[in-house]
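# Residue-level structure breakdown
Okay, here's what each chain looks like letter by letter:
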Amino acid sequence: MTDLSRPVGPRIIAVANQKGGVGKTTTTINLAAALAEQDRRVLVVDLDPQGNASTGLGIETAQRIATTYELLVDDAALDEVIQDTSIENLAIIPATVDLSSADIELIANEKRSFLLHDALRQVAMDAYAFDYILIDCPPSLNLLTVNAMVAAHSVLVPLQSEFFALEGLSQLMLTIREVRQTANPTLRIEGVVLTMFDRRNNLSQQVEQDARDNLGDLVFATIIPRNVRVSEAPSFAMPVLSYDPTSQGAKAYRALAQEVMRNQKKQAA
Ligand code: ADP
Ligand code: MG
């Protein structure tokens, strides 16, 4: 019998929101760690020149010799760019500031929007047997984010629980629609996850209400609380699941992973 909880080939999820500081990188790292904890094989692709996902997963700058830049611009082989992390089942393609010039360097390349798509679908990828690939996008709807959306099966949108949170969403949805109409007709929205939620704050509650009213089922049941352990973990170069496994933040990301795995089953059924 096929195990429907196991994806056929990696499920590729772009974690995107053009706003900075909304929890993209935090969600990428900790959702990846939570899936890995469930024995899923996970690859994080750091697509932000700031390289925060790489730092947060313990890949120091000196270790970032072959990166997403080499993968996209120089056609580097997968075994050159994929690195293990200290977490079991969790690998990464790191990023450096080099990636910030990729936009301009790739302008004349007619396949420029498909570079990540093609790189992740090489035959050599099969040997890694990843179940999930999570792409940490930069805070912009630029060519890198478009590459992520073209490569992905779905987009997961972290939404910070603060005023104006929903405002930027229409632009993001427009970009998703454009990608669907051109390069990736089956691109889905994995879900919108509320991040940095403060239960004592009326504003957080209001943002949640607005999000659920406007987006309905697209909003994950799981809410990520504002939790100081979550923000401390990256300075120890580890996910909160390792740094403080029983923290509220770790529990929330485990619950989010369960929802993502359930989404998968629903779609396979
Ligand atoms: P983005 O990748 O969208 O720019 P980050 O994931 O880097 O956003 O998060 C921005 C800041 O907020 C970081 O300093 C991070 O540690 C902090 N942060 C994110 N999620 C939480 C949370 N649930 N609780 C506390 N701090 C958080
Ligand atoms: Mg980030």
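Everything here concerns the structure above.
Described in the following lines is the structure provided in the data block.

Rules behind the numbers
- Sequence order sets the numbering: in each chain, residues are counted from 1 along the sequence as written.
- Ligands are numbered from 1 and chains lettered from A, in the order in which they are written.
- This being a predicted model, a pLDDT of at least 70 is required before a residue's local features are given, and a value of 80 or more before pairs of side-chain atoms are given or counted; all residues contribute to the totals for chains, interfaces and linings.
- To get the side-chain values, take all heavy atoms of the structure and skip hydrogens and water.
- Near, as used in this document, describes a residue that has one of its heavy atoms within 4 Å of the molecule or strand being considered.
- Counting of polar contacts relies on pairs of N or O atoms within 3.5 Å, with two restrictions inside protein: one atom must be capable of donating a hydrogen and the other of accepting it, and residues adjacent in sequence are counted only when both atoms are side-chain atoms.
- Shrake-Rupley sampling with a 1.4 Å probe provides the accessible areas, and residues are treated as covered by the protein chains on show and by no other component.
- Secondary structure counts use DSSP, requiring at least four H or I residues in a row for a helix and at least two E residues in a row for a strand, with both numbered from the N terminus.
- Only Asp, Glu, Lys and Arg are considered charged, only Ala, Val, Leu, Ile, Met, Phe, Trp, Tyr, Cys and Pro nonpolar, and every remaining residue, Gly among them, polar.
- Expected helix span is computed as 1.5 Å times (number of residues minus one).
- Residues count as neighbours in contact if any of their non-hydrogen atoms are within 4.5 Å of one another.
- Between rings of Phe, Tyr and Trp, where Trp is taken as its six-membered ring, a pair exists when centres lie within 6.5 Å; planes separated by under 30 degrees are stacked, by over 60 edge-to-face, and by other angles tilted.
- Any residue under 20% of the maximum accessible area for its type is buried, any over 50% is exposed, and the rest in between are partly exposed; the area is computed with a 1.4 Å probe on protein chains only.
- Only strands that DSSP links by at least two bridges are regarded as paired with each other.
- For a crossover, the right-handed case is the one in which the path from the first strand over the helix to the second runs clockwise, viewed with the strands pointing away from the viewer.
- Within this document, salt bridges are pairs made up of a side-chain nitrogen of Lys or Arg and a carboxyl oxygen of Asp or Glu, the two lying within 4 Å of each other.
- Working convention: axes come from line fits to C-alpha atoms, limited for helices to the stretch in contact. Angles between N-to-C directions cover 0 to 180 degrees.
- Buried Ala, Val, Leu, Ile, Met, Phe, Trp, Tyr and Cys residues that are joined via side-chain atoms within 4.5 Å together make up what is termed a nonpolar core.
- Note on patches: the residues involved have over 30% relative accessible area and no salt bridge, like charges join within 9 Å, and the nonpolar side chains Val, Leu, Ile, Met, Phe, Trp and Tyr join within 5 Å.
- Oblique is the label for any angle not covered by the other classes, which are roughly parallel (under 35 degrees), roughly antiparallel (over 145) and roughly perpendicular (65 to 115).

In the vicinity of ligand 1 there are 14 residues, among which Gly21, Lys24, Thr26, Pro225 and Asn227 approach most closely. Between glycine 21 and ligand 1, the recorded distance is 2.7 Å, taken from a backbone N or O atom to an oxygen atom. Contact with the protein chains hides 79% of the accessible area of ligand 1, taken as 560 Å² for the molecule alone. For the shell around ligand 1, the secondary-structure elements that each account for two or more residues are helix H1 (24-37) and helix H10 (228-232). At three residues, H1 tops the list of elements feeding residues into the shell around ligand 1. Its residues assigned to classes, the shell around ligand 1 comprises five nonpolar, seven polar and two charged.

Another point: helix H9 (residues 202-215). Here H9 spans 20 Å end to end across 14 residues, near enough to the 20 Å set by a 1.5 Å rise per residue. Here the buried face of H9 lies against strand E6 (154-160), helix H8 (169-182) and strand E7 (188-195).

Below, the discussion takes up the packing of aromatic side chains. Within a pair of aromatic rings, the relevant descriptors are the distance that separates the centres and the angle that separates the planes. According to the stated counting rule, one finds two aromatic pairs in the structure shown. Seen in terms of ring centroids, tyrosine 128 and phenylalanine 130 are 5.5 Å apart; in terms of plane orientation they differ by 5°. Their pairing is stacked.

This next bit is on unusual backbone geometry. Although it is not a glycine, aspartate 75 adopts a positive phi angle of roughly 60°. Inspection of the secondary structure puts aspartate 75 in the loop between helix H3 (68-73) and helix H4 (78-81). The backbone of alanine 129 sits at a positive phi, close to 50°, despite the residue not being glycine. Looking at where alanine 129 falls in the secondary structure, it is placed in the loop between helix H6 (115-120) and strand E5 (132-136). Its relative accessible area of 43% is what places alanine 129 among the partly exposed residues.

Bringing the pairing of E7 into the picture now. E7 sits mainly inside the fold: seven of its eight residues count as buried. As defined by bridge partners, E6 adjoins E7 across seven bridges and the pair is classed as parallel. Of the residues in E7, the one forming a bridge with leucine 156 is glycine 191. A crossover links E6 with its parallel partner E7, the connecting element being H8, and its sense is right-handed.

Taken as a whole, this structure holds eight salt bridges when the rule is applied. Salt bridges sharing common partners tie together Arg229, Glu232 and Asp244.

Below, the discussion takes up the sheet that holds strand E1 (residues 11-15). One open sheet holds the seven strands; their spatial order is E3-E4-E2-E5-E1-E6-E7, and the pairing between them is mixed. Only two strands of the sheet have a single neighbouring strand rather than two, namely strand E3 (83-84) and E7. Its contacts with the sheet put helix H12 (residues 248-268) on E1, E5, E6 and E7, and the angle it makes with E7 is roughly 160°.

The next subject is the nonpolar core. Looking at soluble globular proteins, one finds that nonpolar side chains tend to be buried together. Ranked by size, the top nonpolar core spans 55 residues in total, and within it Leu43, Ile82, Leu116, Leu120, Met125, Ile133 and Ile135 carry the most contacts. In contact with leucine 116, other than residues within four places in its own chain, are Val45, Leu47, Leu71, Leu72, Ile135, Asn147, Ala148 and Ala151. Within the second largest apolar cluster, 34 residues are counted, among which are Ile29, Ile59, Ile87 and Leu256.

Let us now look at a nonpolar patch on the surface. On the surface, Phe163, Phe164 and Leu203 cluster together into a nonpolar patch covering about 310 Å² of accessible area. Relative to the elements of secondary structure, phenylalanine 164 occurs in the loop between E6 and H8.

It is at 8 Å that the axes of H1 and H12 come closest, and there the two elements cross at 70°. On the basis of the axis angle, H1 is roughly perpendicular to H12. Residues Thr26, Thr27, Asn30, Leu31, Ala34, Leu35 and Glu37 of H1 form the contact with H12, whose participating residues are Tyr253, Arg254, Leu256, Ala257, Val260 and Met261. For the contact of H1 with H12, the class distribution of residues is eight nonpolar, three polar and two charged.

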